[in-house]
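# Coordinate inspection notes
The primary structure of each chain is shown beneath.
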Amino acid sequence: MRILVTGACGVVGTEVAGRLAAETVGRTGTDIVRTARRAGATATTGSGPVPWNIGAEPAPDRLTGRPWDAIVHTAASTRWTMSRQEATDANIRTLRAVLALAGPETHVVHVSTAYVGGVRAPEDLRGEEFEGYRNGYEWSKSVCEEIVATDHRGPATIVRPPLVLGRRGDGRIGRFSGPYSLFPALVSGLAAVVVGDPEGYAEISPVDEVAEVIADAALGAPPAAPLTEVIAAGQDSMRLSDLVRITCDTLNAFRAEHGVDPIAQPPTVSTDSWNRFFLPLAAQWLSPVQQEAVKLLAMFQSYTSMSEPFEPTRKVADPGEVMAASVLHWARSKPRQALGRTVPWTLIDAA
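Numbering of residues starts from 1 in every chain and runs along the sequence as written. Restriction of local features to residues with pLDDT of at least 70 applies here, the model being predicted, together with a cutoff of 80 or more for giving and counting side-chain atom pairs; totals for whole chains, interfaces and linings are based on all residues. Side-chain metrics in this entry use all non-hydrogen atoms of the structure; hydrogen atoms and water are not considered.

Moving on, we get to the overall build of the protein. By definition, any uninterrupted DSSP run of H or I lasting at least four residues is a helix, any uninterrupted run of E lasting at least two residues is a strand, and each is numbered from the N terminus. What the protein contains, in helices and strands, is 10 helices and 14 strands. For 351 residues, the compact-globule estimate of 2.2 N^0.38 gives 20 Å, and the C-alpha radius of gyration of the protein, at 21 Å, lies within 12% of that figure. With respect to the principal axes defined by its C-alpha atoms, the protein has extents near 65 × 45 × 40 Å. Relative accessible area decides the class of each residue, using a 1.4 Å probe on protein chains only: under 20% of the type maximum gives buried, over 50% gives exposed, and in between gives partly exposed. Looking at the protein as a whole, 50% of its 351 residues are labelled buried. Values of the radius of gyration come from C-alpha atoms, whereas the globule rule sets the reference at 2.2 Å times the count of residues to the power 0.38.

On to the packing of helix α2 (residues 84–99) against helix α3 (residues 136–151), then. Viewed as axis vectors pointing N to C, α2 and α3 meet at an angle of 25°, and their least axial separation amounts to 9 Å. Classified by the angle between their axes, α2 and α3 sit roughly parallel to one another. The two elements α2 and α3 cross, and the hand of that crossing is right-handed. Residue-level contacts link Arg 84, Ala 87, Thr 88, Asn 91, Ile 92, Leu 95, Arg 96 and Leu 99 of α2 to Gly 136, Tyr 137, Trp 139, Ser 140, Val 143, Cys 144, Ile 147, Val 148 and Asp 151 of α3. Here the residues of the contact of α2 with α3 are counted per class, giving 10 nonpolar, four polar and three charged. A fitted line through C-alpha atoms represents every axis, and for helices the fit uses only the stretch in contact; the resulting angles, taken between N-to-C directions, go from 0 to 180 degrees. Roughly parallel means an angle under 35 degrees; roughly antiparallel means over 145; roughly perpendicular covers 65 to 115; every other angle is labelled oblique. Crossing handedness is read from the near helix: turned anticlockwise from the far helix by less than a right angle, it gives a left-handed crossing, and turned clockwise, a right-handed one. When checking whether two residues touch, look at their non-hydrogen atoms; a contact exists if any pair is within 4.5 Å. Gly counts as polar in this scheme, as do all residues outside two lists: the nonpolar Ala, Val, Leu, Ile, Met, Phe, Trp, Tyr, Cys and Pro, and the charged Asp, Glu, Lys and Arg.

This part takes up the pairing of strand β2 (residues 31–36). Within a regular strand, the side chains alternate between the two sheet faces. Relative to β2, strand β1 (residues 2–6) is paired through four bridges, and the arrangement is parallel. Residue pairing for β2: Ile 3 is matched across the bridge by Ile 32. Convention used here: a crossover is right-handed provided that the path from the first strand, over the helix, to the second strand proceeds clockwise when the strands point away from the viewer. Between β1 and its parallel partner β2, the chain crosses via helix α1 (residues 11–23), and the hand of that crossover is right-handed. When DSSP finds two or more bridges between a pair of strands, those strands are recorded as paired. Sheet topology places β2 next to strand β3 (residues 50–51); two bridges connect them, and they run parallel. Residue pairing for β3: Ala 36 is matched across the bridge by Pro 51.

Predictor confidence is given residue by residue as pLDDT, running from a minimum of 0 to a maximum of 100. Confidence along the protein averages 88 in pLDDT terms, with 91% of residues attaining 70 or more. Scored below 50 in pLDDT, residues 41–45 makes five contacts in the model with residues more than four places away or belonging to other chains.

Turning our eyes to something else, we now look at the packing of α1 against helix α5 (residues 207–219). Two elements in contact, α1 and α5, have axes separated by 8 Å at closest approach and are oriented at 55°. Relative to α5, the element α1 is oriented oblique. The way α1 lies across α5 gives a crossing that is right-handed. Note on element contacts: α5 touches α1 through Val 207, Asp 208, Val 210, Ala 211, Glu 212, Ile 214, Ala 215, Asp 216, Ala 218 and Leu 219, opposite Val 11, Val 12, Glu 15, Val 16, Arg 19, Leu 20 and Glu 23.

The next point concerns the nonpolar core. The tendency in soluble globular proteins is for nonpolar side chains to be buried as a group. Counting residues in hydrophobic clusters, the biggest one holds 91 residues, and the most contacted among them are Val 16, Leu 20, Leu 63, Val 72, Ile 214 and Met 323. Ranked by residues supplied to this core, first place goes to α5 with nine residues. Throughout this description, the term nonpolar core refers to a set of buried Ala, Val, Leu, Ile, Met, Phe, Trp, Tyr and Cys residues connected via side-chain atoms within 4.5 Å.

Attention now moves to unusual backbone geometry. The phi angle at Asp 318 is positive, at roughly 45°, despite the residue not being glycine. Residue placement: Asp 318 occurs in the loop between β14 (314–315) and α9 (319–333). For Asp 318, a relative accessible area of 48% corresponds to the partly exposed category.

For the rest of this paragraph, the subject is the environment of Arg 19. Considering the arrangement of structural elements, one finds Arg 19 in helix α1. Arg 19 gets classed as partly exposed once you look at its relative accessible area, which sits at 27%. Remark: the alpha-carbon pair of Arg 19 and Asp 208, spanning 189 residues in sequence, is separated by 8.5 Å.

Moving on to the packing of aromatic side chains. Think of a pair of aromatic rings as described by two things: how far the centres are apart, and how the planes are tilted against each other in angle. Stacked, tilted and edge-to-face pairs are distinguished by plane angle, under 30 degrees for stacked and over 60 for edge-to-face with tilted covering the rest, among Phe, Tyr and Trp rings (Trp via its six-membered ring) whose centres lie within 6.5 Å. Using the criterion set out here, one finds seven aromatic pairs in the structure. On the numbers, 4.6 Å between centres and 85° between planes, the contact of Tyr 115 with Tyr 303 is edge-to-face. A residue pair is termed long-range when its members are at least 10 positions apart, and Tyr 115 in the loop between β5 (107–111) and α3 and Tyr 303 in the loop between α8 (288–301) and β14 qualify at 188 residues. A single burial state applies to Tyr 115 and to Tyr 303, both of which are buried. Measuring from centroid to centroid gives 5.3 Å for Tyr 180 and Phe 183, while their planes differ by 75°, and the two rings are edge-to-face. Each member of the pair, Tyr 180 together with Phe 183, is buried. Grouped by ring-pair contacts, the aromatic residues Trp 80, Tyr 115, Tyr 303 and Phe 310 constitute a single cluster.

Salt bridges are defined by distance alone: a side-chain nitrogen of Lys or Arg within 4 Å of a carboxyl oxygen of Asp or Glu. Counted under the stated rule, the structure contains 17 salt bridges. Taking the shortest distance from any N to any O, the salt bridge between Arg 84 and Glu 131 comes out at 3.2 Å. With Arg 84 in helix α2 and Glu 131 in the loop between β5 and α3, this pair connects stretches of sequence that are 47 residues apart. Judged by its relative accessible area of 32%, Arg 84 is partly exposed. When its relative accessible area of 45% is taken as the criterion, Glu 131 is described as partly exposed. The residue Asp 151 makes a salt bridge to Arg 96 at a minimum N-O spacing of 2.9 Å. Highlighted residues: Asp 151 in helix α3 and Arg 96 in helix α2, separated in sequence by 55 residues. The structure contains a network of salt bridges with shared partners spanning Arg 19, Glu 23 and Glu 212.

By this rule the span expected of a helix is its residue count minus one, scaled by 1.5 Å. Over its 15 residues, α9 runs 21 Å from end to end, which matches the ideal 21 Å to within 8%, given 1.5 Å per residue. Among the residues making up α9, those that are buried are Pro 319, Gly 320, Val 322, Met 323, Ala 325, Ser 326, Val 327, His 329, Trp 330 and Ala 331. Looking at the buried residues of α9, the elements they touch are β7 (163–165), α4 (182–188), β10 (204–206), β12 (238–239), α6 (240–257) and α10 (335–338).

Here it is, written out as structure tokens:
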């Protein structure tokens, strides 16, 4: 069995590649090949990922010649600030290049995002650029799902995780990105408020359980019809108030161990009040650093206070446990940030 894993050095790809390797130890006839845009020096020996800047250059000879039994496509840019063209180049063009390696029997396991099935934002601050989706990442992943359904004639599994955090047991993750930017913002005081509905749903999933779903799909029997796996806690999801409380409690327990004063749990401001009253004042009265924090908060508000949870096909149990483990691992990895001093917001001198 030949399996190709793209984006093997990314957050999800690293975990998937490791899980596939562990589950196929001793299994004869299984060949797992990893690709990455920036492969390490071991790539020349055959033991590391094959270097491939997908979509920007032809596929290396090692990846062509005969179709793959399964292609696990995890390579993607998850930045919420991409323009439409950037999202097209980073995610849509790369998918088309990967599908060119698939045959009619190839099982394509495509990693998407749960938010393609979520509520679109009619008040989209980017105008009509993303057809109602909140950002270029969501929009491009929606387009990618359509491409998999229409361009690939073979079996396909779409895997939709929500916000991805560290492993359930120890909180480890390959790289701190996405939701991890909230932790230093809380400690430093840049996240002076939390925007959203305290009772809104905040869906997260541990990276090891996301990898489990993907690996099970790649190693299992291909589905007779296109299959979509949604990884979420559903009705048992954390609420926004839970997420903030668990994060602050975990950070403060870590700070107490090191004799550092606790951080205060920031107040919650409704999305409507934030957009109507706080944002108009930001450009005039806040410093450039504070304005960047405002943008960060605006990006998170629709992800951490959804009015309805997702309906999972693979359920995440006790997401609060995952949250606490992830925050603690970040704090232990970034002690200078986790133990930093909180600086309250102050207005700049408009004169």
